[in-house]
Amino acid sequence: MGYDIRNIFVFQKAHQFVLDVYRCTRDFPEFEKYGLSSQFQRAAVSIPANIAEGSKKISKADKLRFMNISQDSLEECRYYILLSKDLKYVSEESYYSMTAEIEEVSKLLNAFVQGIINHNYSNVL
């Protein structure tokens with residue numbers, strides 16, 4: 001029997017971040033619909049999507065490649081949070097909340113990657 005990706009804590013936190021990004025970008029100006037809103041949403045979705053896809057790969061190298069893509073998307077989101085604040089699309093409070101959220105996902109993802117590197121992923125995946 002396989003596992004359910006929804007039971008992986010880093011995936012859960014990354015998915016919650018996506019939901020928060022969608023809520024946040026709902027209030028962006030209409031002219032950003034195909035600009036920053038779309039880019040931010042795509043990068044956010046890429047985080048848990050690549051965790052899910054990579055978790056099903058057989059080789060460690062393939063797993064790590066997808067986790068690295070997820071990390072890249074996470075860093076992209078880190079910038080979009082800052083840009084959104086500087087453009088006054090989000091409040092300072094939302095900025096700090098989302099920054100804390102992305103930092104938590106980043107730490108969890110880094111720990112997940114370390115587990116793969118250390119061959120401990122067989123117990124998790």
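A quick note: this is a predicted structure, and the numbers were derived from the prediction, not measured.

Visitor: Please give an account of helix H1 (residues 9-25) that cites residues and values.
Guide: With 17 residues, H1 should reach 24 Å at 1.5 Å per residue; the first-to-last C-alpha distance of 24 Å fits that figure. Restricting attention to buried positions, one finds in H1 the residues Val10, Phe11, Ala14, Phe17, Val18, Val21, Cys24 and Thr25. Buried positions in H1, seen along its axis, are confined to an arc of 140° and lie on one side of it. On its buried side, H1 packs onto helix H2 (36-55), helix H3 (60-86) and helix H4 (92-117).

Visitor: Please provide a residue-by-residue account of the pattern of salt bridges, values included.
Guide: All chains considered together, the criterion is met by 7 salt bridges. In this structure, Asp62 engages Arg65 in a salt bridge whose closest nitrogen and oxygen atoms are separated by 3.9 Å. Of this pair, Asp62 and Arg65 both sit in helix H3, 3 residues apart, roughly one helical turn. On the basis of relative accessibility, which here comes to 45%, the residue Arg65 falls in the partly exposed class. Across the pair Glu103 and Arg78 runs a salt bridge whose closest N-O atoms are separated by 2.8 Å. Here Arg78 lies in helix H3 and Glu103 lies in helix H4, a separation of 25 residues in the sequence. Residue Arg78 is classed as partly exposed on the basis of its relative accessible area, which comes to 25%. Three or more residues joined by partner-sharing salt bridges are found here, namely Glu75, Arg78 and Glu103.

Each value, and the rule that gives it
- In this numbering scheme, every chain counts its residues from 1 along its sequence in written order.
- At least 70 in pLDDT is required for a residue's local features to be given in this predicted model, at least 80 for side-chain atom pairs to be given and counted, and no such filter applies to totals for whole chains, interfaces and linings, which use all residues.
- With hydrogens and water excluded, all non-hydrogen atoms of the structure serve as input to the side-chain values.
- Elements are defined by DSSP. Helices are runs of H or I of four residues or more, strands are runs of E of two residues or more, and each kind is numbered from the N terminus.
- An expected span of 1.5 Å times one less than the residue number is assigned to each helix.
- Burial classification: accessible surface area is computed with a 1.4 Å probe over protein chains only, and a residue below 20% of its type maximum counts as buried, one above 50% as exposed, and the rest as partly exposed.
- This arc is taken over the directions from the axis of the helix to the C-beta atoms.
- Here a residue-residue contact requires only that any non-hydrogen atoms of the pair lie within 4.5 Å.
- Each reported salt bridge corresponds to a side-chain nitrogen of Lys or Arg within 4 Å of a carboxyl oxygen of Asp or Glu.

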